[in-house]
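Inside the fold
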Amino acid sequence: MENTVHAPWIRAPATCAVIDALTVEGADVRFVGGCVRDALLGRESADIDIGTPDPPERVLALLESAGIETRTVPRGIEHGTVTALAGGERYEITTLRRDERTDGRHAEVAFSDDWQEDAARRDFTINAMSAAPVGALHDYFGGRTDLEAGLVRFVGDPATRIAEDHLRLLRFFRFYAWYGKGEPDLAALEACKAAAHTIPSLSGERVQAEMLKLLKAENPAPAVRAMWNMGVLTVLLPEAHGTELFANLVNIELTLSMPADPIRRLAALIAPAQREERDDAIFREAHTSRTDAVAKQVAARWRLDADDGARLAALCNLPAMFDFTANRHSRQVLLYRLGPDYFQDVTLMTWALQDDIKNDSAWTKMLDEASKWEAPTFLLNGADVLERGIPEGPEVGRLLRQVEDWWIENDFTPDRKALLDRLDALVDERPRE
């Protein structure tokens with residue numbers, strides 16, 4: 001097994017400039033964590049992290065002497081992290097450290113010059129590797145073997161690692177979703193199950209960050225199923241109905257080579273497990289109110305932004321009044337009413353609710369129509385109504401909606417003249433005061 005890490009960013013001029021600045025006095029500097037892991041897999045890495053035995057004040061001085069721009073924040077510098085900006089890239093440079101005290105949410109650290117001690121405080125073996133600037137791999141805990149086997153394994157005792165930082169419980173499932181193969185590590189699963197009660201102590205922002213990353217994995221279904229089986233998902237997301245709808249949706253997305261959509265996948269976990277077919281107004285209002293409340297609970301707890309929260313609520317309220325396999329005109333009406341993006345979401349979610357998701361011809365046809373949809377333009381506006389002597393107020397909107405409904409019923413074909421004629425007829429039909 002070759003013990004050398006290869007990646008284009010290692011030899012990039014900006015990387016070399018940062019490394020040269022940090023090693024000018026001979027410090028043993030290495031790339032650490034995710035960038036090493038991803039390089040071994042041939043994947044691009046979003047972050048380039050560098051470890052050094054020098055304290056942060058010395059790191060700042062070395063970078064500034066080399067003319068490299070730096071950024072620091074109080075909590076970052078306290079934990080030994082300095083950000084270098086070079087060649088349009090960000091390099092997070094962190095002093096080697098060890099944990100002095102932890103409470104499951106925060107850690108007090110002491111700086112160190114011991115690489116193995118620093119690696120031992122990391123979460124998983126695949127994240128505990130480091131590489132010298134020339135690419136030589138340092139692997140104290142068998143991370144490379146685990147990476148090739150698709151084994152996500154804690155460094156040392158899983159329960160101890162989770163007790164140090166409760167977020168590691170969720171990180172385990174996130175990394176399993178992205179890097180795992182086969183069955184998850186049993187010792188890790190048992191530790192996660194035992195620590196599930198600590199999840200409510202995590203901030204919504206941290207939960208959101210981990211879970212949206214997990215849900216963005218190509219196929220997170222095995223990880224989510226493991227969370228459900230271990231009782232973790234029940235604590236994390238008590239609104240979840242199970243994982244069948246979620247697994248069906250992921251399966252459909254994979255079959256169609258669609259990009260992962262974490263909000264739609266989240267909706268598949270909390271949406272009703274079957275589509276409500278009743279169409280009476282009172283029932284529909286109660287159903288919508290109930291599902292809106294569930295979506296709002298999750299959005300608030302996970303600190304989702306307003307747009308994601310609104311989309312989550314919409315995805316939990318699948319329209320029950322439409323026949324999704326109806327004729328072309330009905331589908332065109334749906335596309336116009338819902339818009340192509342929501343139409344696609346609703347189609348995928350409703351498809352995932354079917355008993356046989358392999359019977360796909362009608363569903364793929366609808367998705368194809370949505371991808372090609374060019375919305376027709378309704379050529380009237382409020383000014384046209386006002387010009388006919390209608391005072392400003394709700395009557396203007398009511399007349400416009402009536403004309404628009406007529407236009408839709410006629411397959412969007414009437415031109416502006418025909419629309420104006422229809423508007424005139426409706427105005428004339430109004431009762432005289």
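You'll find the structure just up there.
Quick caveat, the model's predicted, so the values are computed rather than measured.

For the pair helix 8 (residues 167–179) and helix 10 (residues 204–215), interaxial distance at closest approach is 9 Å and the crossing angle is 15°. Taken together, the axes of helix 8 and helix 10 lie roughly parallel to each other. Regarding helix 8 and helix 10, the two cross each other, and that crossing is left-handed. Contact with helix 8, carried on its side by Leu167, Leu170, Arg171, Phe173, Arg174, Ala177 and Trp178, involves Arg206, Val207, Glu210, Lys213 and Leu214 of helix 10 and no other residues of that element.

Taken in spatial order, the seven strands line up as 3-4-5-2-1-8-9 in an open sheet, and their pairing is mixed. Edge positions in the sheet fall to strand 3 (69–71) and strand 9 (137–138), since each of these pairs with one other strand and no more. In terms of strand pairing, strand 1 (residues 30–32) meets strand 2 (residues 48–52) through three bridges, oriented antiparallel. The residue bridging Arg30 from the neighbouring strand is Gly51, located in strand 2.

Attention shifts here to the side chain of His166. Structurally, His166 can be placed in the loop between helix 7 (158–164) and helix 8. At a separation of 3.3 Å, a polar atom in the side chain of His166 contacts the side chain of Ser201.

What follows concerns empty space enclosed by the protein. Per the stated rule, a full pass over the model turns up two cavities of 30 Å³ or more. One number sums up the size of the second largest cavity: a volume of about 40 Å³. Around the second largest cavity sit Val32, Trp115, Asp118, Ala119, Arg122, Ala128, Met129, Ser130 and Tyr140, which together line it. If you tally residues by element for the lining of the second largest cavity, the top one is helix 5 (residues 115–120), at three residues.

The next subject is helix 19 (residues 361–372). A rise of 1.5 Å per residue sets the reference length of helix 19, with its 12 residues, at 16 Å; its end C-alpha atoms lie 17 Å apart and thus fit the reference within 8%. Listed in full, the buried residues belonging to helix 19 are Trp363, Met366, Leu367, Glu369 and Ala370. Along the axis of helix 19, the buried residues cluster in a sector spanning 155°; they form a single face. Away from its buried face, by an angle of more than 90 degrees, helix 19 presents the exposed residues Ser361, Ser371 and Lys372. Turning to helix 19, the residues buried within the fold contact helix 17 (328–338) and helix 18 (340–352).

This next bit is on the environment of Leu41. Following the sequence through the fold, Leu41 ends up in helix 2 (residues 34–41). Take Leu41: its relative accessible area is 34%, and that puts it in the partly exposed class. Residues Leu41 and Val5, 36 residues apart in the sequence, show an inter-C-alpha distance of 9.7 Å. Beyond its immediate stretch of four places on either side in the chain, Leu41 contacts Leu147 and Tyr179.

The side chains of a regular strand alternate, residue by residue, between the two faces of the sheet. Of all five residues that make up strand 2, four are buried, and the element is covered over most of its length. The sheet contact formed by strand 2 and strand 5 (residues 89–95) spans five bridges and is parallel. Directly across from Gly51, in strand 5, lies its bridge partner Thr94.

Within strand 4 (residues 81–86), five of the six residues are buried, which leaves the element mostly enclosed by the surrounding structure. Sheet topology note: the strand 3/strand 4 ladder contains three bridges and is antiparallel. Paired with Thr70 across the strands is Ala84, a residue of strand 4. One ladder, built from six bridges, connects strand 4 with strand 5; its direction is antiparallel. Residue pairing across strands places Ala86 opposite Glu89, the latter belonging to strand 5.

Formed by 128 residues in total, the largest nonpolar core has its most connected members in Val18, Leu63 and Phe173. Looking at this core, the element that brings in the most residues is helix 8, giving nine residues. Once you skip the residues sitting within four places of it in the chain, Leu63 turns out to touch Val18, Ala21, Leu22, Ile68, Thr70, Val82, Ala84 and Ile93.

Here the focus is the side chain of Thr243. If you trace the backbone, Thr243 turns up in the loop between helix 12 (232–236) and helix 13 (244–255). Judged by relative accessible area, which is 17%, Thr243 ranks as buried. Excluding residues that lie within four positions of it along the chain, Thr243 makes contacts with Val224, Arg225, Trp228 and Leu233.

Here we come to the packing of aromatic side chains. Any two aromatic rings considered together are summarised by their centre-to-centre distance and by the angle between their planes. Taken as a whole, this structure holds 14 aromatic pairs when the rule is applied. Ring centres of Phe124 and Phe175 lie 5.4 Å apart, and the angle between their planes is 55°; on these two criteria the pair is classed as tilted. With Phe124 in the loop between helix 5 and strand 8 (130–131) and Phe175 in helix 8, this pair connects stretches of sequence that are 51 residues apart. Owing to a relative accessible area of 0%, Phe124 belongs among the buried residues under this scheme. Phe175 gets classed as buried once you look at its relative accessible area, which sits at 3%. A centroid spacing of 5.8 Å and a plane angle of 20° characterise the contact between Phe175 and Tyr179, whose relative ring orientation is stacked.

Each value, and the rule that gives it
Residues numbered from 1 in each chain as written. Predicted model: local features only at pLDDT ≥ 70, side-chain atom pairs only at ≥ 80, totals over all residues. Heavy atoms only, no water. Axes fitted to C-alpha atoms, helices over the stretch in contact; angles between N-to-C directions. Helix = DSSP H or I, 4+ residues; strand = E, 2+ residues; numbered from the N terminus. Parallel < 35°, antiparallel > 145°, perpendicular 65-115°, else oblique. Left-handed = near helix turned anticlockwise from the far one by under 90°. Contact = heavy atoms within 4.5 Å. Pairing = 2+ DSSP bridges. Polar contact = N/O pair within 3.5 Å; in protein donor to acceptor, adjacent residues only side chain to side chain. 1 Å grid on protein atoms, 1.4 Å probe; cavity = no way out; pocket = protein on both sides within 12 Å on 5 of 7 lines; lining within 4 Å. Points joined across faces, edges and corners; volume = space filled by probe spheres on them. Expected span 1.5 Å × (residues − 1). Buried < 20%, exposed > 50% of the residue type's maximum accessible area, 1.4 Å probe, protein only. Arc of directions from axis to C-beta. Core = buried A, V, L, I, M, F, W, Y, C linked by side-chain atoms within 4.5 Å. Phe/Tyr/Trp six-rings, centres within 6.5 Å; stacked < 30°, edge-to-face > 60°.

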